[in-house]
Amino acid sequence: MQNSELFRRGIVLPLDPEAEESLRINDVNESAAFQYLEIPDQPFFETLWALGLFQTINAKSGSMIDDYEEEFVEPAAITHVLQAVDEVRSRAESPSTETLSFLNQLYNLAQESKKLNRPILFVL
C-alpha cells in the first residue's frame, strides 16, 4: 500500500529500520512499526497552514513540505522541527485546545524521532 493510502494527512515516524525502508520505497503495510499523528480533516489542516507550521519547518530545516506532497525530514534536521514547533506555539494567539494538543504531539513525535535517529514523513 502507498504511504498516502495508509497515512493520508498526517506525520509518520518509523520506529525501526524496516518501517523506515517501507516508507522510503512507498510500500507500507499496516503491521509495520509506526507512530502516526493524524491531521483529522481539511479545516484543521488549513488552521495549521494559517499558523505557518509547515512554512516555518521548511524555513528552519530546508525541507519542502507542501500540500498534496510527501516530504521526509531527516534526523539531522529534527532539531529544526522542534524549534519550528516552539516558534509556532509561542506566536499562536489563543490556539484551540485541539491545535495546541496537535502541536504538543508533534513536538513529542519529533523528540522521539531525534532519540531514535529516524526521519519523520509529512504526508499532506
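This text follows the structure it describes.
Conventions and cut-offs
- Residues numbered from 1 in each chain as written.
- Predicted model: local features only at pLDDT ≥ 70, side-chain atom pairs only at ≥ 80, totals over all residues.
- Heavy atoms only, no water.
- Helix = DSSP H or I, 4+ residues; strand = E, 2+ residues; numbered from the N terminus.
- Expected span 1.5 Å × (residues − 1).
- Contact = heavy atoms within 4.5 Å.
- Core = buried A, V, L, I, M, F, W, Y, C linked by side-chain atoms within 4.5 Å.
- Buried < 20%, exposed > 50% of the residue type's maximum accessible area, 1.4 Å probe, protein only.
- Pairing = 2+ DSSP bridges.

Engineer: Let's hear about helix 6 (residues 97–116): which residues, and what values?
Structural biologist: Spanning 20 residues, helix 6 covers 28 Å between terminal C-alpha atoms, matching the ideal 28 Å at 1.5 Å per step. Elements in contact with the buried residues of helix 6: strand 1 (10–14), strand 2 (34–38), helix 3 (42–51), helix 4 (53–61), helix 5 (78–91) and strand 4 (120–123).

Engineer: Before we move on, can you summarise the nonpolar core with the specific residues and values?
Structural biologist: Residues L53, F54, F102, L106 and I120 are the most contacted members of the largest nonpolar core, which totals 28 residues. Mapped by element, the contributors of at least two residues to this core are strand 1, helix 3, helix 4, helix 5, helix 6 and strand 4. Counting eight residues, the second-largest nonpolar core is a separate cluster that includes F7, L23, V28 and L121.

Engineer: Now, about helix 4: what can you tell me, with residues and values included?
Structural biologist: Residues L53, F54, T56, I57, N58 and S61 constitute the buried set of helix 4. Here the buried face of helix 4 lies against helix 3, helix 5, helix 6 and strand 4. Count one or two residues on from helix 4 and you reach G62, which has phi positive near 80 degrees.

Engineer: Lay out the pairing of strand 1 in plain terms, naming residues and giving numbers.
Structural biologist: Most of strand 1 is tucked away, with five of its five residues classed as buried. Of the two faces of strand 1, the one holding G10, V12 and P14 and the one holding I11 and L13 are both buried throughout. The pairing of strand 1 with strand 2 spans five bridges and is antiparallel. Paired with P14 across the two strands is F34, which belongs to strand 2. Of the pairings in the sheet, the one linking strand 1 to strand 4 comprises three bridges and is antiparallel in character.

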